[in-house]
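Commentary on secondary and tertiary structure
If you want the building blocks of each chain, they are given just below.
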Amino acid sequence: MDIEYIKQYLRNCKKRRMFIIVSVSGGKDSTVLLDLAMKHFRDLIDYVIYIEIVGNTHSVNKEFVHFLADYYGLGERFVHIEGRSLCYGHRTYHDFWERILTHSELPTPLRRFCMMEFKVMPRNRFIRQYSLYRHVELIAVKKSDRPNRKVWYNQAIKKGRNNLNATIVTPLLEWND
């Protein structure tokens, strides 16, 4: 996507009182996305969110993401969300390995519960908590990723259990590793 086009799009969203969120994971793609956002859209960004999968995220990854937040001077715009799985039967939260042991199942390509339970749902709880219902989210999805990833992510956010009004922007779509 063209940077100027994205910048103009985000400006128009801000005029319509929409929040702008950048999602980071600490991986190479989201690090590039954060750098791009800070260089070109810094004044438009409301939040940069990092969702840690509790029990399955290495401490070095967390330290790196916090380093990036400090490096870019994000301050209160940086939000570290601890992604835990909500066990509805017991009304308790589980970390990744507690979830595996409790339900005796591992994530597979056909059953990626970890994405929904540990990333999308904690993200949606954050959106509801701060009433950010009308927002744009910049994510690091590329065409070279699995073809259905962007489609699935859009469905999980837009038509998921929480029916949040989100627009997804993928500035790295055409980027090649």
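Attention here is on the structure that accompanies the text. Here the structure is a predicted model, which means the values were calculated and not measured.

So, the pattern of salt bridges
In a structure, side chains of opposite charge can pair up when their charged atoms sit close to one another. Inspection of every chain in the model, using the stated rule, returns five salt bridges. With a shortest N-O distance of 2.7 Å, lysine 14 and aspartate 46 are connected by a salt bridge. With lysine 14 in helix α1 (residues 3-15) and aspartate 46 in the loop between α2 (28-40) and β2 (47-53), this residue pair connects regions lying 32 residues apart in the sequence. Given the relative accessible area of 27%, lysine 14 is considered partly exposed.

Regarding the environment of isoleucine 3
Summarising the element assignment, isoleucine 3 is placed in helix α1. A relative accessible area of 21% means that isoleucine 3 is categorised as partly exposed. Through-space distance from the C-alpha of isoleucine 3 to that of phenylalanine 41 is 9.2 Å; in sequence the pair is 38 residues apart.

Points about the pairing of strand β6 (residues 135-138)
Neither face of β6 is open: one carries His135 and Glu137, the other Val136 and Leu138, and all of them are buried. As paired strands, strand β1 (residues 19-24) and β6 are joined by four bridges and run parallel to one another. Following the sheet pairing, phenylalanine 19 is matched in β6 by histidine 135.

Concerning the packing of aromatic side chains
Inspection of the entire model under this criterion finds four aromatic pairs. A ring pair is formed by phenylalanine 64 and phenylalanine 67, whose centres lie 6.4 Å apart and whose planes are at 25 degrees; its orientation type is stacked. Taken together, the positions of phenylalanine 64 and phenylalanine 67, both in helix α3 (residues 59-71) and three residues apart, correspond to about one turn of that helix. Its relative accessible area of 32% is what places phenylalanine 64 among the partly exposed residues. By the ring-pair criterion, three or more aromatic residues cluster together here, those being Phe64, Phe67, Tyr71 and Tyr72.

What counts and how
- Residues numbered from 1 in each chain as written.
- Predicted model: local features only at pLDDT ≥ 70, side-chain atom pairs only at ≥ 80, totals over all residues.
- Heavy atoms only, no water.
- Salt bridge = Lys/Arg side-chain N within 4 Å of Asp/Glu carboxyl O.
- Helix = DSSP H or I, 4+ residues; strand = E, 2+ residues; numbered from the N terminus.
- Buried < 20%, exposed > 50% of the residue type's maximum accessible area, 1.4 Å probe, protein only.
- Pairing = 2+ DSSP bridges.
- Phe/Tyr/Trp six-rings, centres within 6.5 Å; stacked < 30°, edge-to-face > 60°.

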